[in-house]
Amino acid sequence: MATGKTQPRRLCAFCGKPNKLDKQHLWGQWYSEWMIEQGVLEKGTLIQAEWGNGKVWEPRGVAGKVNATVIRQCQRCNGGWMNEVESAAREVLVSTDILRAHPAMLDQFSLLDLASLASLMAMTFEGSQTPKPRRDFYTPEERRWIMQVGTPPARTTVWMARHNVHRYVVWS
């Protein structure tokens, strides 16, 4: 007879089911690859932003690592609805060329796609925090909302604006 304790399966932060959890890139892998291909980023591990006045900003911790991942969602969510949210926003970002700070007129559907991605990224970044006990901003009900409806939760406001940065560097 086995006397060892079994570890309870962690629940997916979005669907709440004990499915096998999957790694989710904090920054979409397509995003960093596209930025490097376009010459907007130099290859590396840490993101930096250099303003024209010579000041450099480097995010601290996991958020600054281009290939950083968090394990908080199941494979079904990550490969399903989360992928759909990211793909819809990617289409807007790449087709309008706003990733390279080119002006673009966006319709309400494109704005909603970008706001949904920003909300999903905020929820994913939230999972990268390590304080115990972690106090999430988003509730389980709000994470289920974005999963089921595909739009940001009601108490979410997303602001989008152009940010004038001289250069980005990513270190490997």
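A brief structural summary. (Residues numbered from 1 in each chain as written. Predicted model: local features only at pLDDT ≥ 70, side-chain atom pairs only at ≥ 80, totals over all residues. Heavy atoms only, no water.)

### Examining the overall build of the protein
The secondary structure content of the protein amounts to 5 helices and 5 strands. Along the protein, from the amino end to the carboxyl end, the secondary structure elements read β-α-β-β-β-α-α-α-α-β. When burial is assessed residue by residue, the protein has 35% of its 172 residues classed as buried. In the protein, the share of contacts with a sequence separation of at least 24, taken over all contacts with a separation of at least 6, comes to 69%. Surface summary for the protein: the accessible area is close to 11300 Å², and the carbon and sulfur share equals 53%. (Helix = DSSP H or I, 4+ residues; strand = E, 2+ residues; numbered from the N terminus. Buried < 20%, exposed > 50% of the residue type's maximum accessible area, 1.4 Å probe, protein only. Contact = heavy atoms within 4.5 Å. Areas by Shrake-Rupley, 256 points an atom, 1.4 Å probe, with all protein chains shown as cover.)

### Section: the packing of helix α4 (residues 108-126) against helix α5 (residues 140-149)
Between α4 and α5, the shortest axis-to-axis distance is 11 Å and the interhelical angle comes to 140°. With respect to their mutual orientation, α4 and α5 come out oblique. In this structure, α4 meets α5 at a crossing whose hand is left-handed. Facing Ser116, Ser119, Leu120, Met123 and Glu126 of α4, the residues of α5 in contact are Glu142, Arg143 and Ile146. Tallied by class, residues from the contact of α4 with α5 come to 3 nonpolar, 2 polar and 3 charged. (Axes fitted to C-alpha atoms, helices over the stretch in contact; angles between N-to-C directions. Parallel < 35°, antiparallel > 145°, perpendicular 65-115°, else oblique. Left-handed = near helix turned anticlockwise from the far one by under 90°. Nonpolar A, V, L, I, M, F, W, Y, C, P; charged D, E, K, R; others polar.)

### As for helix α3 (residues 81-96)
A rise of 1.5 Å per residue sets the reference length of α3, with its 16 residues, at 22 Å; its end C-alpha atoms lie 23 Å apart and thus fit the reference within 8%. Among the residues of α3, those classed as buried are Trp81, Met82, Val85, Glu86, Ala89, Val92 and Leu93. Mapping the buried residues of α3 onto a view down its axis gives an arc of 140°, with all of them on the same face. Turned more than 90 degrees from where α3 packs its buried face, Glu84, Glu91 and Ser95 sit exposed. (Expected span 1.5 Å × (residues − 1). Arc of directions from axis to C-beta.)

### Some remarks on the packing of aromatic side chains
Using the criterion set out here, one finds 2 aromatic pairs in the structure. When the ring of phenylalanine 14 is compared with that of tryptophan 81, the centres are 5.3 Å apart and the planes differ by 65°; the resulting orientation is edge-to-face. Remark: tryptophan 81 occurs in helix α3 and phenylalanine 14 occurs in the segment before β1 (21-25); sequence separation between them is 67 residues. When the centroid spacing of 5.0 Å and the interplanar angle of 85° are considered together, the rings of phenylalanine 137 and tyrosine 138 count as edge-to-face. (Phe/Tyr/Trp six-rings, centres within 6.5 Å; stacked < 30°, edge-to-face > 60°.)

### Side note on the nonpolar core
Counting residues in hydrophobic clusters, the biggest one holds 22 residues, and the most contacted among them are Cys12, Phe14, Cys77, Trp81 and Leu120. Mapped by element, the contributors of at least two residues to this core are α1 (29-37), α3 and α4. The leading source of residues in this core is α3, at 6 residues. When residues no more than four places from it in sequence are discounted, the contact partners of tryptophan 81 are Phe14, Arg76, Leu120, Ile146 and Met147. (Core = buried A, V, L, I, M, F, W, Y, C linked by side-chain atoms within 4.5 Å.)

### Let's talk about α5
Three or four residues apart is the spacing at which side chains of an α-helix point the same way, because the helix has 3.6 residues per turn. Residues of α5 that are buried include every one of Glu142, Arg143 and Ile146, and no others. Relative to the axis of α5, the buried residues are bounded by an arc of 105° and lie together on one face. Opposite the buried face of α5, at more than 90 degrees from it, the exposed residues are Glu141 and Gln148. Here the buried face of α5 lies against β4 (69-74), α3 and α4. With its phi angle positive at about 85°, glycine 150 sits one or two positions after the end of α5.

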